[in-house]
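What follows is the residue order along each chain.
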Amino acid sequence: MVGEPGNGADHADGAPRARPRRRRPDVAGALRPTAPAAVTAAGPTPPPAPAPAHAHGHGHGHGPILPGGVFTAAGSTRRPPLPPASNRWIDRARRMRPLRRKVQTAFVFAGGGARGSAQMGMLQALLARGITADAVYGASVGAINAAGFCGEPTIDGVDRMVERWRAITREDVFPQGRFPTPWRFFQQRESVFPNDGVRRIIDSGLTFERLEQSPIRLEVVATSLTDGRTQWFSDGPAAERILASAALPALLPPVEIDGEAFIDGGVVDNVPIGRAIAQGAERVFVLLCGPMHYTPHRFRRPAEAVLSAFFIAVHAKFARELERLPDGVEVVVFTVDTEPVSRYDDFSATDTLIAAGRANADAVLDFWERGGLGDSLVPAPAVVPRVLSSQGEAV
């Protein structure tokens with residue numbers, strides 16, 4: 001570590017060193033307006049935030065923060081993946097390279113409510129580069145997206161999912177009914193809303209009746225109301241199990257399966273990378289619906305305190321799993337910023353979130369293909385494209 005020269009130190013030849021004059025802070029400069037941020041298809045983009053002194057995982061601590069990152073076990077190194085064959089020069093490089101066993105790849109779809117549309121843009125980025133999955137894992141809204149993707153894991157299939165997302169409104173998922181929503185929280189009822197609308201959305205995207213019939217291995221997670229355990233489903237009626245995984249506590253009713261009630265899988269495992277690794281995945285692509293680093297804000301209402309505590313627990317579990325990756329496992333994370341801020345029942349930002357998911361995933365994949373590690377970009381002569389930041393509070 002290079003330190004600053006001390007005041008009053010002598011030169012090597014013994015001559016006294018002049019004491020440097022202390023510069024006055026440029027208060028006026030700090031108050032000058034900054035240049036406007038660049039604007040992308042996803043809306044106004046803030047300038048890259050400075051990297052923290054200690055970046056998570058293998059972060060370099062210099063350069064702008066990535067909207068996601070690439071992580072391996074502590075002390076591990078990695079080499080850039082070979083790009084998909086697209087021309088004769090790449091084909092020749094592939095033939096000259098020693099044959100390697102195919103890496104087992106998993107996609108992990110995290111929960112995130114109405115912000116789940118961001119995962120559509122991330123899928124577009126992955127499929128555009130020829131990246132596919134051997135297994136898929138989903139929690140909450142991620143279970144709905146995971147099932148839709150497994151049914152038709154192609155660019156055309158994702159485009160159809162995008163159209164379904166664009167058609168969803170608040171009334172489809174959370175119908176308002178006769179009484180104002182706040183009053184329903186105090187009524188003696190199983191949930192604030194029925195789950196008929198969510199069931200119709202699930203059915204519209206399913207191409208198989210049972211989970212074991214999925215073209216790609218698919219597992220969804222739910223939370224048991226009997227003992228609070230994590231319950232993974234890989235077989236049985238698909239719609240019923242996905243509905244259980246997406247049963248938001250209080251908002252949607254529990255789903256009974258084989259005589260046992262289940263609620264949203266995001267309560268116990270909102271970003272199930274541990275399950276993917278335990279099932280043999282060596283490379284995991286994680287599709288988040290919010291930022292990777294959660295920054296709690298001061299709350300003004302008791303309900304906000306409860307939500308803040310929940311998000312702290314969810315992010316802490318994910319951070320611990322990233323720090324304890326086993327050797328030979330690589331995790332690539334895509335995120336989106338919390339802008340635009342939206343309520344759980346606000347589906348008005350679907351197009352913005354899809355565009356942000358695509359732009360941010362492309363930025364992380366560019367970094368990954370260059371052999372990068374961590375969640376910060378090392379300064380390079382090349383121009384770094386501006387993308388949506390991944391800093392802020394989760395919603």
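Everything here concerns the structure above.
(A) Here's a closer look at the overall build of the protein chain. For the protein chain, the helix and strand inventory stands at 13 helices and 12 strands. A sequence separation of at least 24 residues applies to 75% of the contacts in the protein chain between residues at least 6 apart. On the protein chain, roughly 21100 Å² of surface is accessible, and the fraction owed to carbon and sulfur atoms is 55%.

(B) Region of the structure containing the environment of Phe-347. Locating Phe-347 in the fold gives a position in the loop between β11 (330–334) and α13 (350–369). Accessibility expressed as a relative area gives 13% for Phe-347, which makes it buried. As for Phe-347 and Trp-165, which are separated by 182 residues in sequence, their C-alpha atoms are 8.6 Å apart. Ignoring anything within four residues of it in the chain, the contact list for Phe-347 reads Ala-114, Trp-165, Ile-168, Thr-169, Arg-170, Val-173 and Phe-174.

(C) Main features of the packing of helix α3 (residues 118–128) against helix α5 (residues 155–167). Direction vectors running N to C along α3 and α5 enclose 170°, while the axes themselves pass 10 Å from each other. Between α3 and α5, the angle is such that the two are roughly antiparallel. Handedness of the crossing formed by α3 with α5: left-handed. Between α3, through Met-120, Leu-123, Gln-124 and Leu-127, and α5, the contact on the second element is made entirely by Ile-155, Val-158, Asp-159, Met-161, Val-162 and Trp-165. Residues that form the contact of α3 with α5 fall into these classes: 8 nonpolar, 1 polar and 1 charged.

(D) Here's a closer look at the packing of α3 against helix α4 (residues 141–151). Across the interface, α3 lies against α4 with an axial gap of 11 Å and an inter-helix angle of 35°. As α3 packs across α4, the resulting crossing turns out to be right-handed. Contacts between α3 and α4 involve Gln-119, Met-120, Leu-123 and Leu-127 on the former and, on the latter, Gly-142, Asn-145 and Phe-149. Taken together, the residues of the contact of α3 with α4 sort by class into 4 nonpolar, 3 polar and no charged.

(E) Main features of the pattern of salt bridges. Across all of its chains, the model carries 19 salt bridges by this definition. Between Asp-203 and Arg-199 there is a salt bridge, with its nearest N and O atoms 3.5 Å apart. Residue Asp-203 and its partner Arg-199 are both found in helix α8 (residues 196–205); the two are separated by 4 residues, about one turn of the helix. Where salt bridges share partners, they join Arg-129, Arg-358, Asp-362, Asp-366 and Glu-369 into one cluster.

(F) Layout of the nonpolar core. Core analysis: the biggest nonpolar cluster contains 69 residues, and Phe-107, Val-136, Phe-149, Leu-218, Ile-242, Phe-285 and Phe-334 have the highest contact counts within it. Considering each element in turn, this core owes the most residues, 8 residues, to α13. Discounting residues that sit within four places of it in the chain, Phe-285 has contacts with Thr-105, Ala-106, Phe-107, Val-108, Leu-126, Ile-131, Val-332, Phe-334, Leu-365 and Trp-368. Counting 24 residues, the second largest nonpolar core, distinct from the first, contains Ala-135, Ala-276, Leu-322 and Val-333.

(G) Unusual backbone geometry, seen in detail. Notably, Ser-140 is not glycine yet its phi reads approximately 60°, a positive angle. If you trace the backbone, Ser-140 turns up in the loop between β5 (135–139) and α4. Using a relative accessible area of 5% as the deciding quantity, one classes Ser-140 as buried. In the Ramachandran plot, Asp-258 falls in the positive-phi region, its phi being about 55° despite a non-glycine side chain. Positionally, Asp-258 belongs in the loop between β8 (255–257) and β9 (260–264). Judged by relative accessible area, which is 75%, Asp-258 ranks as exposed.

About the criteria used
- Residues numbered from 1 in each chain as written.
- Predicted model: local features only at pLDDT ≥ 70, side-chain atom pairs only at ≥ 80, totals over all residues.
- Heavy atoms only, no water.
- Helix = DSSP H or I, 4+ residues; strand = E, 2+ residues; numbered from the N terminus.
- Contact = heavy atoms within 4.5 Å.
- Areas by Shrake-Rupley, 256 points an atom, 1.4 Å probe, with all protein chains shown as cover.
- Buried < 20%, exposed > 50% of the residue type's maximum accessible area, 1.4 Å probe, protein only.
- Axes fitted to C-alpha atoms, helices over the stretch in contact; angles between N-to-C directions.
- Parallel < 35°, antiparallel > 145°, perpendicular 65-115°, else oblique.
- Left-handed = near helix turned anticlockwise from the far one by under 90°.
- Nonpolar A, V, L, I, M, F, W, Y, C, P; charged D, E, K, R; others polar.
- Salt bridge = Lys/Arg side-chain N within 4 Å of Asp/Glu carboxyl O.
- Core = buried A, V, L, I, M, F, W, Y, C linked by side-chain atoms within 4.5 Å.

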